[in-house]
Amino acid sequence: MPRLLLFDIDGTLIDSHGSGGAAILDAAEEHFGIQREQLPPLQLAGATDPAIAMDIFELVKRQHTRDDVFAFLDRYLIHLQRRLHAFDFSGFTLPGVVELLEVLRTHTDAHLGLLTGNVRRGAEIKLTRHGVLHHFIDGGFGCDHHDRDQLGPVALKRMQDATGMSFDIADVIVIGDTPKDIRCAAAFGAKCLAVATGQYSSAELNALKPWRCVESFADVPAIVELLLRE
Ligand SMILES: [Mg+2]
């Protein structure tokens, strides 16, 4: 049966070593004329880019329209691009990811998409920098809705349109590293493979009852078996 595999990005495929969060703070300093130290720690894990931006507008007590949020995110994207191409950039793809994507690509039953809180352009910048963007056909992105729970149906429809396939929801697997990924999968009836390579331990993720949970993708044959055979 064809499987639709929808991957999260940060903490699942890559660790940008704080560059995404730092670029958000660069944009906040520029956009609002504040110092990054004036903001409390932001809740970034699993959040969509627009939701993070809206939180900042609220923290600095500024009214905002949708256009204001996306103007802020345009600044963020400039800083993201700069930081990911800085000479001292130390981000990396997480263990097993490159090999896993290469192997999945050879399976005609596996269709790879994205389900991420990143705006589309941010996802492209991050995955291009890490050399893995070409594996993904399309997906659902933070620019589609600020609430991650709304993104599953968007990703499913885009992937059906792009592949010409009709996926049974039982064959859709969301792959991510946070409680928000598990909830987002449940919101449209998909399975969730949780991976403990982000901020959350497997114990914390397992407590939320994902379909399956693994420590990492380091054991590529076992992950392929899980994604395509179970
Ligand atoms: Mg993540």
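Structure: above.
Here the structure is a predicted model, which is why all the values come from computation and not from measurement.

### Things to note about the overall build of the protein
Okay, so step 1: Scanning the protein for helices and strands turns up nine helices and eight strands.
Okay, so step 2: In terms of overall size, the protein behaves like a compact globule, its C-alpha atoms giving a radius of gyration of 17 Å where 230 residues would be expected to give roughly 17 Å.
Okay, so step 3: In terms of principal-axis extent, the alpha carbons of the protein reach across some 55 × 35 × 35 Å.
Okay, so step 4: A buried classification covers 41% of the 230 residues belonging to the protein.
Okay, so step 5: The contacts of the protein with a sequence gap of at least 6 include a subset with a gap of at least 24, amounting to 64%.

### A word on unusual backbone geometry
Okay, so step 1: Here the phi dihedral of His17 falls at roughly 55°; this positive angle occurs in a residue that is not glycine.
Okay, so step 2: Following the sequence through the fold, His17 ends up in the loop between strand E2 (14-15) and helix H1 (19-32).
Okay, so step 3: When the 15 C-beta atoms within 10 Å are taken as the criterion, His17 is described as partly exposed.
Okay, so step 4: One non-glycine residue, Lys209, lies in the positive phi region at around 60°.
Okay, so step 5: Among the secondary structure elements, Lys209 is positioned in the loop between helix H8 (202-206) and strand E8 (212-214).

### A few points about the nonpolar core
Okay, so step 1: Within the largest apolar cluster, 58 residues are counted, with the highest numbers of intra-cluster contacts made by Leu5, Leu6, Phe7 and Val174.
Okay, so step 2: The two domains that each donate at least three residues to this core are domain 1 (3-16 + 91-229) and domain 2 (19-84).
Okay, so step 3: Among all residues touching Phe7, those that are not within four sequence positions of it are Thr12, Leu13, Leu112, Leu114, Leu115 and Ile175.

### Considerations on the environment of Leu44
Okay, so step 1: Within the element layout of this structure, Leu44 appears in the loop between H1 and helix H2 (49-59).
Okay, so step 2: Note on Leu44: 19 C-beta atoms within 10 Å, which makes it partly exposed.
Okay, so step 3: Taking C-alpha positions, Leu44 is 16 Å from Arg183, a pair spaced 139 residues apart along the chain.
Okay, so step 4: Ignoring sequence-local partners within four residues, the contact set of Leu44 consists of Gly21 and Ile52.

### Re the pairing of strand E1 (residues 3-7)
Okay, so step 1: Most of E1 is tucked away: five of the five residues are buried.
Okay, so step 2: On E1, burial covers both faces: Arg3, Leu5 and Phe7 on one face and Leu4 and Leu6 on the other are all buried.
Okay, so step 3: Relative to strand E4 (residues 110-115), E1 runs parallel, the two being bridged by five bridges. Looking across to E4, one finds that Leu6 is bridged to Gly113.
Okay, so step 4: Alignment of E1 against strand E6 (residues 172-176), held across four bridges, turns out to be parallel. Counterpart to Leu4 in the pairing with E6 is Val172.

Scoring rules and cut-offs
- Residues numbered from 1 in each chain as written.
- Predicted model: local features only at pLDDT ≥ 70, side-chain atom pairs only at ≥ 80, totals over all residues.
- Helix = DSSP H or I, 4+ residues; strand = E, 2+ residues; numbered from the N terminus.
- Rg over C-alpha atoms; globule rule 2.2 N^0.38 Å.
- Buried ≥ 20, exposed ≤ 12 C-beta atoms within 10 Å, placed from the backbone.
- Contact = placed C-beta atoms within 7 Å.
- Core = buried A, V, L, I, M, F, W, Y, C linked by C-beta atoms within 7 Å.
- Domains from an automatic or database assignment.
- Pairing = 2+ DSSP bridges.

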